[in-house]
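Coordinate analysis (summary)
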Amino acid sequence: MKTNILVMSYDEQHIAINEVNEPLSVYVKNIGNISRKISFADFFLDKMLIVQAIRKGLPYKIFNQIKLFTPFTDADWAEYLDLSSKTLQRYRDDEDFFFKPIHSEKIIELAEVTNFGIEVFGSSEKFYRWLNTPSYALNGLKPGDLVKDSYGKEMVMAELNKIEHGIFA
C-alpha cells in the first residue's frame, strides 16, 4: 500500500509528513522525557534524541508513516534494511513490533536524507529525479545507490548541502 510520492500534491506531501508528527511525538515522550510536541523536522535537530530512538528501536507504525513520504519503494526499503519483503510484511502485521537498532538507524538516515532533499529541491519529484540521476560530483554514481550505507549517506548529504548553498563544482 505504498503511496507514490511523485503523484502526491504539495499539500498531500505535507499531510504525509505531518502524519508522522503525532506518533513521533508520543514515541519521543516515552524515550526522551520531552513534554512538548515535536515535529519530524525538529526530531533531526536533536541528535541525542535520535541516538535514544535508535537504541530503543522504531515502532513499525512510525516506519510506515516515514515510508509514505519517502521516494523509496517497498523493494528499496527491503534492500536498504537488508531484509526480505516477506519479513517486512510480517513486521507490518505485528502491532507491537519495534525494529532493531541497526534497522532503526537506517530508517532514520533515509528519512533524514529525504527530509533534507525535499527541502533543498523544493519538491519530492525534483529530489527523486536527482536521487536517480548519475552525479558527476559523486563519481558518476546515483545518489540513491549511495544511501545504502552510512558513508554514502554522508556523501549524499554533503552534496545536498553544496546544492543548497549554490556550490555546483
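What counts and what doesn't
- Residues numbered from 1 in each chain as written.
- Predicted model: local features only at pLDDT ≥ 70, side-chain atom pairs only at ≥ 80, totals over all residues.
- Heavy atoms only, no water.
- Phe/Tyr/Trp six-rings, centres within 6.5 Å; stacked < 30°, edge-to-face > 60°.
- Helix = DSSP H or I, 4+ residues; strand = E, 2+ residues; numbered from the N terminus.
- Buried < 20%, exposed > 50% of the residue type's maximum accessible area, 1.4 Å probe, protein only.
- pLDDT = per-residue confidence, 0-100.
- Contact = heavy atoms within 4.5 Å.
- Salt bridge = Lys/Arg side-chain N within 4 Å of Asp/Glu carboxyl O.

**Looking at the packing of aromatic side chains**
According to the stated counting rule, one finds 13 aromatic pairs in the structure shown. The interplanar angle of 65° and the centroid separation of 5.0 Å between the aromatic rings of Phe-63 and Phe-99 together place this pair among those described as edge-to-face. Taken together, the residues Phe-63 in helix α4 (residues 60–69) and Phe-99 in the loop between α6 (85–93) and α7 (101–121) connect sequence positions 36 residues apart. When sorted by exposure, Phe-63 lands in the same class as Phe-99, which is buried.

**Some remarks on the confidence of the model for the protein**
Low-confidence regions, as indicated by low pLDDT, have predicted coordinates that should not be scrutinised in detail. When pLDDT is averaged along the protein, the result is 85, and 83% of the positions lie at 70 or above. Here residues 1–7 is a poorly scored stretch, pLDDT under 50, and it has 18 contacts once near neighbours within four places are set aside; other chains count.

**Here's the deal with the pattern of salt bridges**
Under the counting rule described, the total for this entry stands at 8 salt bridges. One salt bridge in this structure joins Asp-74 and Lys-67, with 3.0 Å as the shortest N-O distance. Its relative accessible area of 32% is what places Asp-74 among the partly exposed residues. As a salt-bridge pair, Arg-92 and Asp-93 come within 3.6 Å of each other at their nearest N and O atoms. A relative accessible area of 58% means that Asp-93 is categorised as exposed. Each of Lys-47, Glu-112, Lys-153 and Glu-154 takes part in one network of salt bridges that share partners.

**Regarding unusual backbone geometry**
Excluding glycine, residues mostly carry a negative phi; peptide bonds, for their part, are mostly trans. At Asp-82, a residue that is not glycine, the phi angle is positive and equals roughly 55°. Here Asn-139, not a glycine, exhibits a phi torsion of approximately 60°, which is positive. Here Asn-139 is to be found in the loop between α8 (124–131) and α9 (143–146). Residue class for Asn-139 comes out exposed when judged on its relative accessible area of 71%.

**A few points about α4**
Along α4, 8 of the 10 residues are buried, which leaves the element largely enclosed by surrounding structure. Listed as buried for α4 are Tyr-60, Ile-62, Phe-63, Gln-65, Ile-66, Lys-67, Leu-68 and Phe-69.

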